[in-house]
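# Results of the structural survey
Listed here are the chains, written in short residue letters.
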Amino acid sequence: MNWQSDSNGIRTTFAPILEQWYALHKRDLPWRHTVDPYRIWLSEIILQQTRVAQGKPYYERFVEAYPTVVDMAQADERELLRLWQGLGYYSRARNLHQTARYVTDKLAGKFPDTYHDLLKMKGIGTYTAAAIASFAFGERVPVVDGNVYRVLARVFGITEDITTTAAKKTFASLAMQLIQSANDPATYNQAIMEFGAIHCTPVAPDCLLCPVQQQCAAFLTGRQHLLPVKSKKAPVRERFFNYFIFRHNGRLALRERTTRDIWQNLYDFHLQETDEPKTALRDIPLADLVGQIIQEGVLVAPPVESVQLLSHQRIRAKFYLIDVPDALANSLPIDLQWYLPTEISKLPKPVLITNYLDQQFG
DNA sequence: AACACGGGGGC
DNA sequence: GCCCCAGTGTT
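Bear in mind that the values here come from a model prediction, so they are computed numbers and not experimental data.

Now for helix α6 (residues 91-106). In this model α6 runs 21 Å from its N-terminal to its C-terminal C-alpha over 16 residues, within 8% of the 22 Å that 1.5 Å per residue would give. Where α6 is buried, its residues touch α2 (37-47), α3 (52-65), α4 (69-74) and α5 (77-84). Phi turns positive one or two residues past the end of α6, at A108, with a value near 55°.

Here we come to the protein's contact with DNA strand C. In the region of DNA strand C, 20 residues are neighbours, and Q49, G123, G125, T128 and R260 sit closest. Each atom of DNA strand C within 4 Å of the protein belongs either to a base or to sugar and phosphate, the latter forming 71%. At 2.7 Å, a side-chain N or O of T128 approaches a phosphate oxygen of DNA strand C. Interatomic distance of 3.1 Å between a side-chain N/O atom of K230 and a phosphate oxygen of DNA strand C. Counting residues per element, the ones that place at least two in the surface near DNA strand C are α8 (126-137) and α9 (146-155). Looking at the surface near DNA strand C residue by residue, the class counts come to five nonpolar, nine polar and six charged.

Our focus in this paragraph is the environment of Y188. With respect to the element layout, Y188 can be found in helix α11 (residues 185-198). You can call Y188 buried: its relative accessible area is 2%. In the structure, Y188 is positioned 161 residues away from R27 in sequence and 15 Å away in space, judged by C-alpha atoms. Here Y188 is in contact with F14, A15, L18, E19, L178, I179 and A182, once residues within four sequence places are set aside.

On to the domain arrangement of chain A, then. Along its sequence, chain A is organised into domain 1 (10-226) and domain 2 (237-361). Centre-to-centre separation of domain 1 and domain 2, based on C-alpha positions: 38 Å. Contacts between the two partners involve eight residues from domain 1, matched on the other side by 14 residues from domain 2. Of the roughly 900 Å² buried at the junction of domain 1 and domain 2 (both faces included), carbon and sulfur atoms supply 53%. On the domain 1 side of the contact with domain 2, R78, Q85 and Y90 bury the most area, a combined 50% of that side's loss. On inspection of domain 1 and its partner domain 2, the count reaches five residue pairs in polar contact (both at pLDDT 80 or more).

With that settled, the discussion passes to the packing of α2 against α6. At a closest axis distance of 10 Å, the pairing of α2 and α6 adopts a crossing angle of 160°. Taken together, α2 and α6 sit at an angle that is classed as roughly antiparallel. Here α2 runs over α6; the crossing is right-handed. Counted together, W41, L42, I45 and I46 of α2 and R92, L96, T99 and A100 of α6 form the full contact between these two elements. Classifying every residue of the contact of α2 with α6 gives six nonpolar, one polar and one charged.

Here we take up the protein's contact with DNA strand B. Y89, Y90, T165, I262 and W263 are the nearest of the 22 residues found near DNA strand B. Protein-adjacent atoms of DNA strand B, using a 4 Å cutoff, are sugar or phosphate at a proportion of 51%. Within the side chain of S311, an N or O atom sits 2.9 Å from a base nitrogen of DNA strand B. One of the backbone nitrogen or oxygen atoms of V351 is found 3.4 Å away from a phosphate oxygen of DNA strand B. Taken together, the residues of the surface near DNA strand B break down into nine nonpolar, 10 polar and three charged.

One broad trend across soluble globular proteins is that nonpolar side chains are buried collectively. With 100 residues, the main nonpolar core has F14 and W41 as its most contacted residues. Per-element accounting of this core gives the leading share, eight residues, to α8. Looking at which domains feed residues into this core, each of domain 1 (10-226) and domain 2 (237-361) gives three or more. With residues up to four places along the chain from it excluded, the contact list for W41 reads V69, M72, L96, T99, A100, F111, I124 and I132. The next biggest cluster of nonpolar side chains, apart from the first, holds 15 residues, and it includes F246, I293, Y320 and L332.

In total, this model carries 13 salt bridges according to the counting rule given. One salt bridge in this structure joins R247 and D323, with 2.8 Å as the shortest N-O distance. Taken together, the positions of R247 in strand β1 (residues 237-248) and D323 in strand β7 (residues 313-323) put the pair 76 residues apart, joining distant regions of the chain. Among the charged side chains, a salt-bridge network with shared partners connects R239, R255, R257, D261, D268 and E273.

Conventions and cut-offs
- Residues numbered from 1 in each chain as written.
- Chains lettered and ligands numbered in written order.
- Predicted model: local features only at pLDDT ≥ 70, side-chain atom pairs only at ≥ 80, totals over all residues.
- Heavy atoms only, no water.
- Helix = DSSP H or I, 4+ residues; strand = E, 2+ residues; numbered from the N terminus.
- Expected span 1.5 Å × (residues − 1).
- Contact = heavy atoms within 4.5 Å.
- Near = heavy atom within 4 Å.
- Polar contact = N/O pair within 3.5 Å; in protein donor to acceptor, adjacent residues only side chain to side chain.
- Nonpolar A, V, L, I, M, F, W, Y, C, P; charged D, E, K, R; others polar.
- Buried < 20%, exposed > 50% of the residue type's maximum accessible area, 1.4 Å probe, protein only.
- Domains from an automatic or database assignment.
- Buried area = accessible area lost by both parts, 1.4 Å probe.
- Axes fitted to C-alpha atoms, helices over the stretch in contact; angles between N-to-C directions.
- Parallel < 35°, antiparallel > 145°, perpendicular 65-115°, else oblique.
- Left-handed = near helix turned anticlockwise from the far one by under 90°.
- Core = buried A, V, L, I, M, F, W, Y, C linked by side-chain atoms within 4.5 Å.
- Salt bridge = Lys/Arg side-chain N within 4 Å of Asp/Glu carboxyl O.

Given below as structure tokens:
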């Protein structure tokens, strides 16, 4: 369908219809009671790739811990990551801290107030810049997120593959046209995303009660379940993590992950990754130092196994708990350090590690 | 343009 | 168990 010919008027009535729908159906969420750009920014970063139900308690805790951008700028990054623990995509937390410090130090604590300037901040891309610019400052710039792709693809019958650059331009251009007819850009942006999230859902959209049912290209041809078109599906990589948990005098040895891999700046145990599952300890290649500790140490129990599913990796983990003899307690590999349980609880850790600790020592 | 980056929910 | 969801930065 050619949405540029707007014979039935949907292109100009779309935004007001959704604004009206939003007034009746919007959820009461904490970040909808503020126009403080700091809090809107915080909520938007948390909600990237994250469902409202999962993000909401994190937002509450962050606002409590850091009421202003200056508070966040002064925070210890480890503490911030600890608050972020469990949300995933930890670069969001690192970028959050970096931008908080930038706004505090270089912009005197005043958040950028235009789409253009917001885009310059680390962790703020086109979506988040549009969200903050419209919600906090009323700028007439459209948000284009996954919800928007879905709603527009269906209503306007766009069959382009949304993963392509060309399609992104198509959607951005249409979105820019549609927001021109909005009574209030902020309300319209909230409305179209809320509509996608709770009404025009990926599976089983509620077409029978849809306010644009008779203008929806997908509904009128019975193809709503086929849109939007998305080509790329990430294959899941299989990984095998052999963890060695060294224990001595009630302390455990952990290290900060610094390699360019998942969970950067989070803490885990000594890790030997193998490219296939190893059933026997002797089959795992070990550095001399570690080999000696394991040889002379005491394997406390059979290894504990668990699986951590990420969107793009399946990690099969095996945890070997080793009691280290006194003589070797000071000969750990350089990156490992001893931590008491109370210290460990304050360190940011991947869910895989938290689950193991809870299960083994909780 | 392709890829990497966590975790959770529905059925 | 297998499917779904999704912005930004880097290469």
